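The primary structure of each chain is shown beneath.
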Amino acid sequence: MFDIYWGDIELTTLVLIVSVVLILPAQTLLCFRAKSLSLRLLPVLTLSALAVVFLVLNFASSGWDGLGYVFLSLFCAMMVLACAAGWGVWAVVPKTAKRRRS
């Protein structure tokens, strides 16, 4: 996608793997098991705050460093989308369970 490498590791692939393997199951587990809404929203708020911080750093920096902050902000946004997918799974599963019972 972006073809950004850190050593031998492509960062876009790494972010996608982390999103699918770690963040999506963790967010889904939090949605089903945690009673507190603030605890369920913790990953979303943390990653959103990081994305905003990287955008602010983009505007505060000069030269090519700003482009790196934009990419880091996009990577955080990709992880927020994985959290949104976890919320989507949490919203859909009870509705499909009701249909099977009927």
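In what follows, the structure referred to is the one given above.
In this text the structure is predicted, and so the values were computed from the model without any measurement. (Residues numbered from 1 in each chain as written. Predicted model: local features only at pLDDT ≥ 70, side-chain atom pairs only at ≥ 80, totals over all residues. Heavy atoms only, no water.)

Residues Lys 95, Lys 98, Arg 99 and Arg 101 make up a contiguous surface patch of positive charge. Here Arg 99 lies in helix 3 (residues 65–101). (Patch = residues over 30% accessible without salt bridge, like charges linked within 9 Å, V, L, I, M, F, W, Y side chains within 5 Å. Areas by Shrake-Rupley, 256 points an atom, 1.4 Å probe, with all protein chains shown as cover. Salt bridge = Lys/Arg side-chain N within 4 Å of Asp/Glu carboxyl O. Lys, Arg positive; Asp, Glu negative; His and termini not counted. Charge placed at Lys NZ, Arg CZ, Asp CG, Glu CD. Helix = DSSP H or I, 4+ residues; strand = E, 2+ residues; numbered from the N terminus.)

Across its 37 residues, helix 3 extends 55 Å between first and last C-alpha, which sits within 8% of the 54 Å expected from 1.5 Å per residue. Along helix 3, the positions that sit buried rather than exposed are Gly 66, Ser 73, Phe 75, Cys 76, Met 78, Met 79, Ala 82, Cys 83 and Gly 86. The inward-facing, buried residues of helix 3 abut helix 1 (11–33) and helix 2 (37–60). (Expected span 1.5 Å × (residues − 1). Buried < 20%, exposed > 50% of the residue type's maximum accessible area, 1.4 Å probe, protein only. Contact = heavy atoms within 4.5 Å.)

With that out of the way, let us pick up the side chain of Ser 19. For Ser 19, the location among the structural elements is in helix 1. With relative accessibility at 5%, the residue Ser 19 sits in the buried group. Within the local environment of Ser 19, its side chain forms a polar contact with the backbone oxygen of Val 15, the two atoms lying 2.8 Å apart. Excluding residues that lie within four positions of it along the chain, Ser 19 makes contacts with Leu 24, Met 78, Met 79 and Ala 82. (Polar contact = N/O pair within 3.5 Å; in protein donor to acceptor, adjacent residues only side chain to side chain.)

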